[in-house]
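Read off the chains here:
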Amino acid sequence: MIFVAVALPALVLRSPSVARPKPALVMQSTDVRPGSMKEATILQGKRPYGEESRRYRRTVYRHADWIKHRSETRLLRNLKGTFTSGVVRSLLSEVFAVLAVTALILFWNIGQPYIGQPTPDNLLVLPGLPFTLSAPALGLLLVFRTNASYARWNEARQAWGRIVSHCRNIMRQSTLWIDTDDPTAQAALDELRQCVYAFPRSLWAHLSAPEKEPRFEQDIRAAMGEAAASDLLAAPHRPLRALSMLSTAMDNLPIDEKKKVEMDKSCILLGDASETCERIFSSPVPLVYTRHTARFLSAWLLLLPLGLYGAFGSNSDLGHLALLPTTTLFSIFLFGIEELAVQLEEPFSILPLEVLCNDVKAAAEGMIAAMPTGRRPEPDGLELLKSRYKSEMQ
């Protein structure tokens, strides 16, 4: 009976997903977003989890997603997917360890009547007071751990928001101020458009796994041409080289120098955002804090069955078997909090950086395409005042 109770949760966590529609039906459903976890589940026949699932968590919400997110059935839907959740499935070894300890405690304590008269001295139990006293400290550790990880995720998302914003600003200012009568204007704008896309794309590759290198090279060569792409790909620090190329492209624009100074402020802020991303990527939450929290949590949950044994009534087989699902749920949710912190700690592999880079590229192309023909840049403030003064004197 104890073996069945221990094996059942493990089998639930290991069990593949129910039968899914055929892959050919994926694109026919309006409820399936390309690149989403749902599409991956349909295509693979099972829900990916662990490291494999991170690329499917790069969610960009639209109106329909927010409606579903705050629907009345959200709690039941989330509860239904507890044992198929990628976070829960990645905790299989930790949860099974707690279950194994619980099973050993039950086997020893329940088996006492068969090997001798049970007494308080030979039962494996602990008083509940140590767990009551230590629970607030453990809760604070977990709260600080998750808050630190979420702060890293939020800072990374804000940094990429600034990157998108300032790339758009550079293109908006250049299309507004450029002298379209200059014979070099079109070539200069094309060069700037390429460099505006190359910077976020290079930063994305800089923060990604080495396996993404072939795709990065392909995208850069398609966007910039062979000569410029080879120069960028050969650089030891590609985001910095892409930013330098962007500054050079801005300097080549037929625009007044004062306005170039204004545009260069966006380049400075792009460099600051790049440094923020590199700092987050290269510096984890202090390892001493992470390891101490993990050790505290593991020891607390592994000893928890000893503290809960006495709370399940007399020495009855059926009564104490309820300890198995109880410790399972405790371990899933408490280990899950720590797992969430680990997943959020490195945010760049779960942020939709591809979507953001494509947004920059589309915005640059759209602003150039929307430029009116025959337009002249407006004179700056001093020239405008002079022209008005001359017209009034006449």
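A. Focus on the overall build of the protein. When you go through the protein residue by residue, the secondary structure sums to 18 helices and zero strands. Buried residues in the protein amount to 38% of all 394 residues. Carbon and sulfur atoms form 62% of the exposed surface of the protein, whose accessible area is close to 22,300 Å².

B. Summary view of the confidence of the model for the protein. Considering every residue of the protein, the mean pLDDT works out to 82; 75% of them sit at 70 or more. Across residues 1-30, where pLDDT falls below 50, the model places 37 contacts with residues more than four positions away in sequence or in other chains. Counting interchain partners and residues more than four positions distant, the pLDDT-below-50 stretch residues 375-386 has eleven contacts.

C. How the structure looks around the pattern of salt bridges. For the structure on display, the rule yields ten salt bridges. A salt bridge links Arg201 to Asp219, with the nearest nitrogen and oxygen atoms 3.1 Å apart. Pair noted here: Arg201 is in helix 9 (residues 185-206) and Asp219 is in helix 10 (residues 213-224), with a separation of 18 residues, a long-range link. Across the pair Glu213 and Arg238 runs a salt bridge, and its minimum N-O distance is 2.7 Å. Of this pair, Glu213 sits in helix 10 while Arg238 sits in helix 12 (residues 238-251), placing them 25 residues apart in sequence. Judged by relative accessible area, Glu213 falls into the partly exposed class, the value being 23%. Take Arg238: its relative accessible area is 19%, and that puts it in the buried class. Salt bridges sharing partners connect three or more residues here, namely Arg201, Arg215, Asp219 and Glu354.

D. Looking closely at the packing of aromatic side chains. Per the counting criterion, the structure on display carries four aromatic pairs. Between Tyr61 and Trp66, the aromatic rings sit 4.8 Å apart at their centres with planes inclined by 75°, giving edge-to-face as the arrangement. For Tyr61, a relative accessible area of 35% translates into the label partly exposed. Taking relative accessible area as the criterion, Trp66 reaches 43% and is therefore assigned partly exposed. Note that Lys361 overlies the ring of Tyr197, its terminal NZ or CZ placed 5.1 Å from the centroid.

E. Broad picture of helix 17 (residues 353-369). With 17 residues, helix 17 should reach 24 Å at 1.5 Å per residue; the first-to-last C-alpha distance of 24 Å fits that figure. Among the residues making up helix 17, those that are buried are Leu353, Leu356, Cys357, Val360, Ala363, Ala364 and Ile368. For helix 17, the angular spread of buried residues about the axis comes to 125°, placing them on one side. For helix 17, the elements touching its buried residues are helix 8 (129-177) and helix 9.

F. Structural view of the nonpolar core. Ranked by internal contacts, the top residues of the largest apolar core, which has 53 residues, are Trp160, Ile170, Leu192, Leu246 and Phe348. Secondary-structure elements contributing two or more residues to this core are helix 8, helix 9, helix 10, helix 11 (226-233), helix 12, helix 13 (257-282) and helix 17. In terms of residue count, the dominant contributor to this core is helix 9 (twelve residues). Setting aside residues no more than four positions away along its own chain, Ile170 makes contact with Leu192, Val196, Leu246, Met250, Met263, Ser266, Cys267 and Leu270. Of all hydrophobic cores here, the second largest spans 24 residues; its members include Leu91, Ile105, Ile110 and Leu324.

G. Structural view of the packing of helix 8 against helix 14 (residues 287-308). Relative to each other, helix 8 and helix 14 sit at 145°, their axes nearing to 10 Å. Both helix 8 and helix 14 take part in a crossing whose hand is left-handed. The segment helix 8 lies against helix 14, with Phe131, Ser134, Ala135, Ala137, Leu138, Leu140, Leu141, Leu142, Phe144 and Arg145 engaging Tyr289, Thr290, His292, Thr293, Phe296, Leu297, Trp300, Leu303, Leu304 and Gly307. For the contact of helix 8 with helix 14, the per-class residue count stands at 14 nonpolar, five polar and one charged.

H. Representation of helix 6 (residues 92-110) in the model. Spanning 19 residues, helix 6 covers 26 Å between terminal C-alpha atoms, matching the ideal 27 Å at 1.5 Å per step. For helix 6, the full list of buried residues reads Leu92, Val95, Val98, Leu99, Thr102, Ala103, Ile105, Leu106, Asn109 and Ile110. Axial view of helix 6: buried residues confined to an arc of 165°, hence all on one face. Helix 6 presents Ser93, Leu104 and Phe107 as exposed residues on the side facing more than 90 degrees away from its buried surface.

I. How the structure looks around the side chain of Ser331. By the secondary structure assignment, Ser331 is in helix 16 (residues 323-345). A distance of 2.8 Å separates a polar side-chain atom of Ser331 from the backbone oxygen of Thr328. When neighbours within four sequence positions are excluded, Ser331 is seen to be in contact with Val95, Val98, Leu301 and Gly336.

J. Inspection of a nonpolar patch on the surface at higher detail. A cluster of nonpolar side chains, Phe83, Leu329 and Phe333, forms an exposed patch at the surface whose accessible area comes to about 280 Å². With respect to the element layout, Phe83 can be found in the loop between helix 4 (74-80) and helix 5 (86-89).

K. The arrangement of the environment of Thr276 in detail. Residue position: Thr276 is located in helix 13. We classify Thr276 as buried; its relative accessible area is 9%. For the pair Thr276 and Ala156, spaced 120 residues apart in sequence, the C-alpha separation works out to 7.4 Å. In contact with Thr276, other than residues within four places in its own chain, are Glu155, Ala159 and Arg162.

L. Quick look at the environment of Glu155. Note on placement: Glu155 falls in helix 8. In this structure the C-alpha to C-alpha distance between Glu155 and Ile280, which are 125 residues apart in sequence, comes to 8.5 Å. Discounting chain neighbours no more than four positions away, the residues touching Glu155 are Thr276, Arg279 and Ile280.

What counts as what
- Residues numbered from 1 in each chain as written.
- Predicted model: local features only at pLDDT ≥ 70, side-chain atom pairs only at ≥ 80, totals over all residues.
- Heavy atoms only, no water.
- Helix = DSSP H or I, 4+ residues; strand = E, 2+ residues; numbered from the N terminus.
- Buried < 20%, exposed > 50% of the residue type's maximum accessible area, 1.4 Å probe, protein only.
- Areas by Shrake-Rupley, 256 points an atom, 1.4 Å probe, with all protein chains shown as cover.
- pLDDT = per-residue confidence, 0-100.
- Contact = heavy atoms within 4.5 Å.
- Salt bridge = Lys/Arg side-chain N within 4 Å of Asp/Glu carboxyl O.
- Phe/Tyr/Trp six-rings, centres within 6.5 Å; stacked < 30°, edge-to-face > 60°.
- Lys NZ or Arg CZ within 6 Å of the ring centre and 35° of its normal.
- Expected span 1.5 Å × (residues − 1).
- Arc of directions from axis to C-beta.
- Core = buried A, V, L, I, M, F, W, Y, C linked by side-chain atoms within 4.5 Å.
- Axes fitted to C-alpha atoms, helices over the stretch in contact; angles between N-to-C directions.
- Left-handed = near helix turned anticlockwise from the far one by under 90°.
- Nonpolar A, V, L, I, M, F, W, Y, C, P; charged D, E, K, R; others polar.
- Polar contact = N/O pair within 3.5 Å; in protein donor to acceptor, adjacent residues only side chain to side chain.
- Patch = residues over 30% accessible without salt bridge, like charges linked within 9 Å, V, L, I, M, F, W, Y side chains within 5 Å.

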